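# Examining the three-dimensional arrangement
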Amino acid sequence: MFDIDKWQEILSTISKNKLRTVLTGFSVSWGIFMLIILLGSGAGLQNGVENQFADEATNSIWVYSGQTSMPYKGYNAGRYINFENADYDRTKRNVKQADHISGRLYVSSSNITSYKNNYGTYSIRSVNPGHQYIENTIITKGRYINELDIRDRGKVAVIGDLVKKDLFKNGEDPIGEYIKIGNIPFKVVGVFEDKGGEGEMRIIYLPITTAQRVFNGGNRIDQLMFTIGDASLEESKKIEEQVRLDMAKYHHFDPNDKRAVRVNNDLEEYIKVQNLFTGIRVFIWIVGIGTIIAGIVGVSNIMMIVVKERTKEIGIRKALGATPVSIIGLIMLESVTITSLAGYVGLVLGVGLLEMIKANVPPSDFFMNPEANIYVALTAMALLIIAGAIAGFIPARKAAAIKPIEALRDE
């Protein structure tokens, strides 16, 4: 492997046939380049789609009230289903797998929020403490809403980072300060960030019991959501059905009426997305490997020509005592060298192009941070070395089988 004479001979052979070597290497280089680009683009697409799940727990179930679409036991179709506190309590009690649960009541964004002389309008959501884990809310200062706030109907607020920047422009610490929502003061107890983007950080969270009283919400709840721990997909579907049956029984609608109550299973959606991208990755590898194989066939054919051209030389080597193993090693080493160098060029160009795209193309909802990680690069290089060895093996076997007397007669 590290015989200097062998390497000098290989480099001499390559330098004598520059055009042939470049054209042969190009097919291999193009194959690995396309594999890296396809894998990187697939990763960018997956990153973008997975970012849509970043601001919610992937093991969460969301329950939305709707309108009945069919009559049921004397109740007419077209009836609106309204959730209330009893639905929260019942779901928390009956769904044993629920580790974090929250109701959500929306407060009209027409309420102007102010602090001293700074004003703004924001999305205002009133929630239970479990909402922090369902929405993957990251507290950067202070705390989130707690059970004491819910019990005492505390007038406290947790504000998004962008809300803080809007209202506290002079750099004041918002914790302990009072903001006004409408004309009602709320004490800021926490500041948060959210992976869901800027829109999610222009939100103010209030205790749901406080909002129900202060903003005339009664005992109404707009949505219910909860996480289900490490439940499997099959178990999550059973929980989903359990919740639907429970809601149908309590609110008197047909359990088969999907429009009366809509249940969204984030775990099911997340697994579907993961399966989709697994299929995409498999397809990309098939296409990429197919392209590389086409290049390797070209390398093998060229090595066959090399063996043919060097028949007399190989015959002389064997006549002077060269073993079949040394002949095979020489041919295979030349094949591996060509494929590895060409593949490395394709690898570098592919990674470089992905980095250019990453630096210059702004992230979107469905495409962000295209990249080929180190494991992909190492796998590709290992694949090239193996492929190069295979490409050289058949010509090498043919070279090793040459008989010296016949080789010397070759014209």
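Look up: the structure comes first, before these words.
## Some points on the nonpolar core
One finds Val63, Ile179, Ile204 and Phe226 to be the most contacted residues of the largest nonpolar core, which totals 51 residues. For this core, the element with the most residues is strand 10 (residues 184-193), which contributes 5 residues.

## Regarding the pattern of salt bridges
Within this structure, the stated rule accounts for 15 salt bridges. Residues Glu135 and Arg125 are paired through a salt bridge, measuring 3.6 Å at the closest nitrogen-oxygen approach. Within this pair, whereas Glu135 is found in the loop between helix 4 (131-134) and strand 7 (138-142), its partner Arg125 is found in strand 6 (residues 123-127), the two being separated by 10 residues in sequence. For Glu135, a relative accessible area of 2% corresponds to the buried category. We note a salt bridge from Lys238 to Glu234, for which the minimum N-O separation is 4.0 Å. Here the residue Lys238 and the residue Glu234 both occupy positions in helix 8 (residues 233-251), the gap between them amounting to 4 residues, near one helical turn. Accessibility classification places Lys238 together with Glu234 in one group, the exposed group. When salt bridges with common partners are traced through the structure, they connect Asp87, Arg90 and Asp246 into a single cluster.

## What about the side chain of Asp161?
Its place among the elements puts Asp161 in helix 6 (residues 161-167). Residue class for Asp161 comes out buried when judged on its relative accessible area of 11%. Apart from the residues lying within four places of it in its own chain, the contact partners of Asp161 are Val191, Phe192, Glu193 and Met201.

## Considering unusual backbone geometry
Even without being glycine, Lys116 reaches a positive phi, approximately 55°. One can find Lys116 in the loop between strand 4 (113-115) and strand 5 (118-120). For Lys116, a relative accessible area of 60% translates into the label exposed. Positive phi values are uncommon outside glycine, yet Arg153 reaches one of about 55°. Within the fold, Arg153 resides in the loop between helix 5 (147-152) and strand 8 (156-160).

Definitions and cut-offs
- Within each chain, residues carry numbers counting from 1 in the order of the written sequence.
- This being a predicted model, a pLDDT of at least 70 is required before a residue's local features are given, and a value of 80 or more before pairs of side-chain atoms are given or counted; all residues contribute to the totals for chains, interfaces and linings.
- Values reported for side chains reflect all heavy atoms of the structure, with hydrogen atoms and water molecules removed beforehand.
- The nonpolar core is taken to be a set of buried Ala, Val, Leu, Ile, Met, Phe, Trp, Tyr and Cys residues, with the residues joined through side-chain atoms within 4.5 Å.
- Buried, partly exposed and exposed residues are distinguished by accessible area as a fraction of the type maximum, computed with a 1.4 Å probe on protein chains only: under 20%, between the cut-offs, and over 50%, respectively.
- Only runs of H or I of at least four residues qualify as helices and only runs of E of at least two qualify as strands under DSSP, and these elements are numbered from the N terminus.
- Think of a salt bridge as a Lys or Arg side-chain nitrogen and an Asp or Glu carboxyl oxygen that are within 4 Å of each other.
- Contact definition: two residues touch when any of their heavy atoms are within 4.5 Å.

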